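If you want the building blocks of each chain, they are given just below.
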Amino acid sequence: MKSLLVYLKKYRRESILAPLFKMLEATFELLVPLVMAAVIDTGIQNHDRHYVLSMCLVLILLGVVGLAASITAQYFAAKAATGFAGALRHALFDKIQSLTFSQMDLFGTDTLITRLTSDVNQVQNGVNLFLRLFLRSPFVVLGAMVMAFTVDAHAAVLFVITIPVLSAVIFGIMLATMPLYKRVQANLDKIMTGTRENLTGVRVIRAFRKEADETRHFHENNQILAASQKFVGRISGLMNPLTYVIINLSTCALIYVGALRINTGILQAGQVVALLNYMSQILIELIKLANLIIQITKAAACGDRIAAVLAVQPDMADGSAEPKTDSGQAPAVAFKDVSLLYRESAGHALEHISFEVQKGQTVGIIGGTGSGKSSLVNLIPRFYDATEGEVDVFGQDVRALNAVSLRNHIGIVLQKAELFKGSIEDNLRWGDADAEARDFAQALEISQAKEYVDRKPGGIRYMLEQNGRNLSGGQKQRLTIARALMKKPDILILDDSASALDFATDAKLRLAIRKMSHSMTTFIVSQRAASVQYADLILVLDDGKLVGKGSHEELLQSNEVYQEIYYSQFPKEAANE
């Protein structure tokens, strides 16, 4: 949590003025019991109406000035807290953007969302309360004790005994609850994960009639969260009754001592009332302090979770070299004995992969589910680093290249078609922000999306819902292909991006891409043999190993894995063999 305070530097003035104005308010509040004592012992006892009225005006003045100080303090505290939270949220978002894919996989999407939203809000509330009350409450407690000594030192000894006992109760409960609030936040992450999966997969859940099971799982996780919240709530809930018991016992003792000293003429009634008021002020402020500590404990737990993300350094150092697309006869892409092992993985995703691809070639990558096809193409734009070996692009090791510059030369269409809320034009401009009308038309025509886009109201200005929910799966895939083509990339990666297209549209797409540019190197990842059979080079993967490479005819004659895939999709040809 301490490491986050650097984001308060811009609000240093507000962070100082807020508690100062709060202590100014507290100072006026401490004077009120003395004024009341004077009203009782002098004004009322002597029947002096003028004195009573004048003291009442003093009380009003103290109230007005105190209110002005309080409002000023609230303003500065709110400004500092909201500014701090805004800066923290920006820093956290920037950090998440800089994390590598493996680090994001390690944290998990849902916990990152929780830390960016709920945790930041908790920290903001904690900072706000800290600036307003953390100095004010101790100041009032100590100030009330000091003022009590000015009234009567003998009776004030009760304050010296009461305050340490109350402090022990408060800080003991605080230390007990701090680790428990971290557990509560972890349980909240589980709820977030389940809720997100239910919302994104609602169609699948209903199709398989799993509503009852998912409701039961949510109920179980919610019960665990509720149980952990109740447990920590029971402990923190002891604070108010325990503090009330101690204060009430102290009040009774104070009334007894005060009565004895009034009888002996040492104290007057007004002074005893002042002492009781100071005891009440201590009670109120300690209860505030107790609740404040609970909130700060929650904020500290959330702050530690945020700090854990901010402390992570990207595990892939960015290179500085610029890609050289005109690097003579160097291959466009070369894998040199490449292996890949994901974090916390039971085995290698890829093992000892070696091949070369020349500029302008089309490469088909085929294999069964889990064979490592996506893992292989993810190494080209350096989404992950090879565990062993070397991946070269344009004759240079990708680890030596600047990641942004490298990806500027690569167009990527991932397995899952991801579109963003906005118009079709907005989404396509991700590929080229300065694109003109003919660029949109060309990309849409090559991706086989032009026909249905032209039928949409407004054409390319047709508004998409979040993740393109108002498009079919095939329409989304064609738009993501068009977005990649807008870059006019030197390397185009289609990672199983035509799985929702019919065979005729898939064939038209591949033919259009082949005609697009003779210098563009294309990788087509697919489980369809028809999608890769006309590629210049076909890579056959099986369980992370490269078990075959060559043309369609070569592999059909000599490679058993390719034969099995091909003939399972074209059984008639297998029968004719």
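Sequence order sets the numbering: in each chain, residues are counted from 1 along the sequence as written. Side-chain atom pairs in this predicted model are given and counted only at pLDDT of 80 or more, local residue features only at pLDDT of at least 70, and totals for whole chains, interfaces and linings cover all residues. Only hydrogens and water are set aside when side-chain values are computed; all heavy atoms of the structure are taken into account.

1. So, the overall build of the chain
Alright, step 1. Comment: elements are numbered from the N terminus, with helices defined as DSSP H or I runs of at least four residues and strands as E runs of at least two. Within the chain one finds 21 helices and 12 strands.
Alright, step 2. C-alpha atoms define the radius of gyration, and 2.2 Å times the number of residues to the power 0.38 defines the globule rule. Computed over the C-alpha atoms, the radius of gyration of the chain is 36 Å, more than 25% above the 25 Å expected from 2.2 N^0.38 for a compact globule of 577 residues.
Alright, step 3. Of all 577 residues assigned to the chain, the portion counted as buried reaches 47%. In this scheme, a residue with accessible area under 20% of its type's maximum is buried, one over 50% is exposed, and one in between is partly exposed, where area comes from a 1.4 Å probe on protein chains only.

2. A short note on the packing of helix α5 (residues 136-151) against helix α6 (residues 153-200)
Alright, step 1. To obtain an axis, a line is fitted to C-alpha atoms, over the contacting stretch when the element is a helix, and the angle between two such axes runs from 0 to 180 degrees between their N-to-C directions. Where α5 contacts α6, the two axes come as close as 7 Å, and the packing angle between them is 160 degrees. Comparing the axis directions of α5 and α6 gives the class roughly antiparallel. With respect to the hand of their crossing, α5 and α6 are arranged in left-handed fashion. The segment α5 lies against α6, with V141, M145, A148, F149 and V151 engaging A153, A156, F159, V160 and I163.
Alright, step 2. Three categories are distinguished: nonpolar for Ala, Val, Leu, Ile, Met, Phe, Trp, Tyr, Cys and Pro, charged for Asp, Glu, Lys and Arg, and polar for the others, with Gly belonging to the last. Of the residues assigned to the contact of α5 with α6, the class counts are 10 nonpolar, no polar and no charged. The cut-offs work like this: below 35 degrees is roughly parallel, past 145 is roughly antiparallel, 65 to 115 is roughly perpendicular, and the gaps in between are oblique. Note on convention: near helix rotated counterclockwise from far helix by under a right angle means a left-handed crossing. Clockwise means right-handed. The contact criterion used is simple: two residues touch if any of their non-hydrogen atoms lie within 4.5 Å.

3. Thoughts on the side chain of Q477
Alright, step 1. Examined against the element boundaries, Q477 turns out to sit in helix α16 (residues 473-485).
Alright, step 2. If we skip the residues at most four places from it in the chain, Q477 touches Q415, A417, D496, S497, A498, S499, A500 and L501.

4. Describing the nonpolar core
Alright, step 1. In these notes, a set of buried Ala, Val, Leu, Ile, Met, Phe, Trp, Tyr and Cys residues joined through side-chain atoms within 4.5 Å is what counts as a nonpolar core. Membership of the largest hydrophobic core comes to 49 residues, with the highest contact counts inside it found for F159, L254, L275, Y278, I282 and L286.
Alright, step 2. Of all the secondary structure elements, the ones that give two or more residues to this core are α1 (12-44), α4 (109-134), α5, α6, α8 (211-237), α9 (239-263) and α10 (269-310).
Alright, step 3. Discounting chain neighbours no more than four positions away, the residues touching L286 are V141, L166 and I170.

5. Some points on the packing of aromatic side chains
Alright, step 1. Each pair of aromatic rings taken from Phe, Tyr and Trp, with Trp reduced to its six-membered ring, is defined by centres within 6.5 Å and is described as stacked if the planes are under 30 degrees apart, edge-to-face if over 60, and tilted in the remaining cases. Per the stated rule, a full pass over the model turns up 11 aromatic pairs.
Alright, step 2. Judged by centre distance (5.7 Å) and plane angle (50 degrees), the rings of F101 and Y384 are tilted. In this pair, F101 is assigned in helix α3 (residues 101-107) and Y384 in the loop between α11 (373-378) and β4 (388-393), connecting sequence segments 283 residues apart.
Alright, step 3. The exposure class assigned to F101 is partly exposed, which follows from its relative accessible area of 36%.
Alright, step 4. On the basis of relative accessible area, Y384 is assigned to the buried category, the value being 12%.
Alright, step 5. Among the aromatic residues, those joined into a cluster by ring pairs are F101, Y342, F383 and Y384.
Alright, step 6. The positively charged end of R528 is found above the aromatic ring belonging to F503, 4.6 Å away from the centroid. Here, a charge over a ring is recorded when the distance from Lys NZ or Arg CZ to the ring centre is within 6 Å and its angle to the ring normal is within 35 degrees.

6. Section: the pattern of salt bridges
Alright, step 1. Take a side-chain nitrogen of Lys or Arg and a carboxyl oxygen of Asp or Glu: if they are within 4 Å of each other, that pair is a salt bridge. Per the stated rule, a full pass over the model turns up 24 salt bridges.
Alright, step 2. The shortest N-O distance in the salt bridge between K79 and E14 comes to 3.3 Å. Here K79 is found in helix α2 (residues 49-98), whereas its partner E14 is found in helix α1, with 65 residues between them in sequence.
Alright, step 3. Across the pair R528 and D506 runs a salt bridge whose closest N-O atoms are separated by 3.3 Å. You can see R528 sitting in the loop between β10 (521-525) and α18 (529-532) and its partner D506 sitting in helix α17 (residues 503-516), a full 22 residues away along the chain. Neither residue differs from the other here; R528 and D506 are each classed as buried.
Alright, step 4. What emerges from the salt-bridge pattern is a single network uniting K22, E25, E29, R136 and E285.

7. Topic: the environment of N427
Alright, step 1. With respect to the helices and strands, the residue N427 is situated in helix α13 (residues 424-428).
Alright, step 2. Between the C-alpha atom of N427 and that of L464, which follows or precedes it by 37 residues, the distance is 9.1 Å.
Alright, step 3. With residues up to four places along the chain from it excluded, the contact list for N427 reads L419, F420, G422, L464 and R483.

8. Remarks on a negative patch on the surface
Alright, step 1. Where like charges cluster on the molecular surface, the negative patch consists of D542, D543, E560 and E564.
Alright, step 2. Its location among the elements puts D542 in strand β11 (residues 537-542). Like charges are joined within 9 Å and nonpolar side chains (Val, Leu, Ile, Met, Phe, Trp, Tyr) within 5 Å, but only among residues with over 30% relative accessible area and no salt bridge; these make up the patches. Note on areas: Shrake-Rupley, 1.4 Å probe, and residue coverage restricted to the protein chains presented here. For the charge count, each Lys or Arg is scored as positive and each Asp or Glu as negative, with His and the chain ends excluded. A charged residue contributes its charge at one atom only: NZ of Lys, CZ of Arg, CG of Asp or CD of Glu.

9. Considerations on the side chain of S375
Alright, step 1. The residue S375 is located in helix α11 in this model.
Alright, step 2. The buried category is assigned to S375, whose relative accessible area is 9%.
Alright, step 3. Other than its neighbours up to four places away in sequence, S375 contacts L340, Y342, A349 and L350.

10. Regarding the packing of α6 against α8
Alright, step 1. Following both chains from N to C, one finds α6 and α8 inclined at 165 degrees, their axes separated by 9 Å at the closest point. By the criterion of interaxial angle, the relationship of α6 to α8 is roughly antiparallel. Like other packed secondary-structure pairs, α6 and α8 cross with a definite hand, here left-handed. In contact with I173, A176, T177, L180, Y181, V184, N187, L188, I191, T195 and N198 of α6, α8 contributes E214, F218, N221, N222, I224, L225, S228, Q229, F231, V232, I235 and S236.

11. Digging into α16
Alright, step 1. Expected span of a helix: the number of residues minus one, times 1.5 Å. Between its first and last C-alpha, α16 extends 19 Å over 13 residues, near the 18 Å set by a 1.5 Å rise per residue.
Alright, step 2. For α16, the tally of buried residues reaches 12 of 13 residues, placing the bulk of the element in the interior.
Alright, step 3. Burial in α16 covers these residues: G474, Q475, K476, Q477, R478, L479, T480, I481, A482, R483, A484 and L485.

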